[in-house]
Amino acid sequence: FVFYNNKQNKITDIFCKDSLIQKAVYEVFRIIGAKPLFINDHLKRLEQSLNKLNIEYAIPSELELNEKINQLCIANNKLFGNIELRLEISNTAKITQLLGFVTHNYPEITDYIQGINTITLESVRENPSVKSKYTNTRKIANNILAETGDYEVLLINHHGVLTEGSRSNLFLIKGNKVFTAPNDVVLCGITRLHTIELLKQMDIELVYKAIQVSDINLFDAAFICGTSPGILPIKSIDKQNFDVNSKLLRSIIVEYNQLVSKYYTNK
């Protein structure tokens, strides 16, 4: 069951690309116990994406969206997973609103212990501040992941620096400092936003700097963050290995998990 322009329908192929679609912006909410995580932050970013594309559209309120998500959880008999809110803009400027469960790729429990393998790709998001679908980078990254079995593709821009993951944000650790790319070269993820706030609360120094891929051997540990994985340690980038048991990294993961727990406790 999905919502198609605010009406609930039993349609299985509603989330398919239409040849008439010119562009699409979206947000994916992680659902835990039928409740969306950080829903207000996602709605703010969706509104920002529309503004940057000069598209006028009244997005649903947090209350309205919560009610629809609850209905979808009941109708689909699902309490956990990912729900996507998508606005598809046709070449005639018609906007279609879609809301429904989408396939997710959650890490295995062992991935949080052993870390994940990642691989690099030279690619740049056309408009990193807008969360849009059907991008060429996404297609290439999906093919690479299917071929290699790695969990994530990390993007390298034309200057040879690591920016972000194809569906996540990247952080590197050196000593007691954490590094991440500047906001203007990445899609500022919601989990990234809360991770940065968490680092401030933990009094951990954060350096906004995109790192040359040739210099990753100078770093001790690394992790990605995103809606589906939360905070996930990186075991390797290409063939460069990292310390998945870094005390600083492990403390960040613990604090983030506690943050999520508190979020639901206060809901």
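Bear in mind the structure is a predicted one, so any value in this text is a computation, not a measurement. (Residues numbered from 1 in each chain as written. Predicted model: local features only at pLDDT ≥ 70, side-chain atom pairs only at ≥ 80, totals over all residues. Heavy atoms only, no water.)

As a further point, take the pairing of strand 11 (residues 177-180). The pairing of strand 10 (residues 169-174) with strand 11 spans 3 bridges and is classified as antiparallel. Residue pairing across strands places Lys-174 opposite Lys-177, the latter belonging to strand 11. Here strand 10 hands over to strand 11 after 2 residues, with Gly-175 in that stretch at a positive phi of 65°. In this sheet, strand 12 (residues 205-208) lies alongside strand 11 in parallel orientation, the contact comprising 4 bridges. Note on strand 12: the bridge partner recorded for Phe-179 is Val-207. (Pairing = 2+ DSSP bridges. Helix = DSSP H or I, 4+ residues; strand = E, 2+ residues; numbered from the N terminus.)

Time to look at helix 6 (residues 247-265). Along its 19 residues, helix 6 runs 27 Å from first to last C-alpha, staying within 8% of the 27 Å computed at 1.5 Å per residue. All of the buried residues along helix 6 are Leu-248, Leu-249, Ile-252, Ile-253, Tyr-256, Val-260, Tyr-263 and Tyr-264. Here the buried residues of helix 6 occupy an arc of 150° about the axis, which is enough to place them on one side. What points out from helix 6, more than 90 degrees from its buried face, is the exposed set Lys-247, Lys-262 and Thr-265. (Expected span 1.5 Å × (residues − 1). Buried < 20%, exposed > 50% of the residue type's maximum accessible area, 1.4 Å probe, protein only. Arc of directions from axis to C-beta.)

Look at helix 1 (residues 39-52) against helix 5 (residues 190-201): their axes get within 10 Å of each other, and the N-to-C directions meet at 120°. The orientation of helix 1 with respect to helix 5, classified from their angle, is oblique. Pair helix 1 / helix 5 crosses with right-handed handedness. For the pair formed by helix 1 and helix 5, the contact residues are Asp-41, His-42 and Arg-45 on the first element and Ile-190, Leu-193 and His-194 on the second. Residues of the contact of helix 1 with helix 5, tallied by class, amount to 2 nonpolar, 2 polar and 2 charged. (Axes fitted to C-alpha atoms, helices over the stretch in contact; angles between N-to-C directions. Parallel < 35°, antiparallel > 145°, perpendicular 65-115°, else oblique. Left-handed = near helix turned anticlockwise from the far one by under 90°. Contact = heavy atoms within 4.5 Å. Nonpolar A, V, L, I, M, F, W, Y, C, P; charged D, E, K, R; others polar.)

Okay, the packing of aromatic side chains next. Summed over the entire model, instances satisfying the criterion amount to 4 aromatic pairs. With centroids separated by 4.9 Å and ring planes inclined at 5°, the aromatic side chains of Phe-171 and Phe-223 adopt a geometry described as stacked. One end of the pair, Phe-171, is in strand 10; the other, Phe-223, is in strand 13 (residues 221-226), and 52 residues separate them in sequence. Both rings, one in Phe-179 and one in Phe-219, keep their centres 5.2 Å apart while their planes meet at 85°; by these two values the pair is edge-to-face. With Phe-179 in strand 11 and Phe-219 in the loop between strand 12 and strand 13, the pair connects residues that are 40 residues apart, well separated along the chain. Like Phe-179, the residue Phe-219 is buried in the burial classification. Counting every residue linked through ring pairs, the aromatic cluster contains Phe-38, Tyr-263 and Tyr-264. (Phe/Tyr/Trp six-rings, centres within 6.5 Å; stacked < 30°, edge-to-face > 60°.)

Of all hydrophobic cores here, the largest spans 44 residues; its most connected members are Leu-65, Val-178 and Ile-252. If near-sequence neighbours (up to four positions away) are discounted, Ile-252 is found in contact with Val-178, Leu-198, Leu-199, Met-202, Ile-204, Phe-223 and Ile-231. (Core = buried A, V, L, I, M, F, W, Y, C linked by side-chain atoms within 4.5 Å.)

Right, let's get into empty space enclosed by the protein. Applying the stated criterion to the full structure yields 2 cavities of 30 Å³ or more. As for the largest cavity, its lining consists of Leu-162, Thr-163, Leu-170, Leu-172, Phe-179, Thr-180, Ala-181, Lys-209, Ala-210 and Ile-211. At the level of elements, strand 9 (162-165), strand 10 and strand 11 are the ones that each hand at least two residues to the lining of the largest cavity. For the lining of the largest cavity, the class distribution of residues is 7 nonpolar, 2 polar and 1 charged. Lining the second largest cavity are Arg-30, Leu-37, Phe-38, His-42, Ile-190, Thr-191, Thr-227 and Tyr-256. (1 Å grid on protein atoms, 1.4 Å probe; cavity = no way out; pocket = protein on both sides within 12 Å on 5 of 7 lines; lining within 4 Å. Points joined across faces, edges and corners; volume = space filled by probe spheres on them.)

The subject of this paragraph is the layout of surface pockets. The volume enclosed by the largest pocket comes to roughly 1,000 Å³. In terms of lining, the largest pocket is formed by 41 residues, of which the most central are Tyr-26, Val-28, Lys-131, Arg-138 and Arg-167. If one sorts the elements of the lining of the largest pocket by residue count, helix 4 (residues 136-148) sits on top with 4 residues. Of the residues belonging to the lining of the largest pocket, the class tally is 13 nonpolar, 16 polar and 12 charged.

So, on to unusual backbone geometry. Positive phi, normally seen in glycine, also occurs at Asn-6, with a value near 75°. Within the secondary structure, Asn-6 sits in the loop between strand 1 (2-4) and strand 2 (7-9). Since its relative accessible area comes to 42%, Asn-6 is described here as partly exposed. Its identity is not glycine, yet Phe-38 carries a phi of approximately 55°, on the positive side. Secondary-structure assignment places Phe-38 in the loop between strand 4 (35-36) and helix 1. Taking relative accessible area as the criterion, Phe-38 reaches 3% and is therefore assigned buried.

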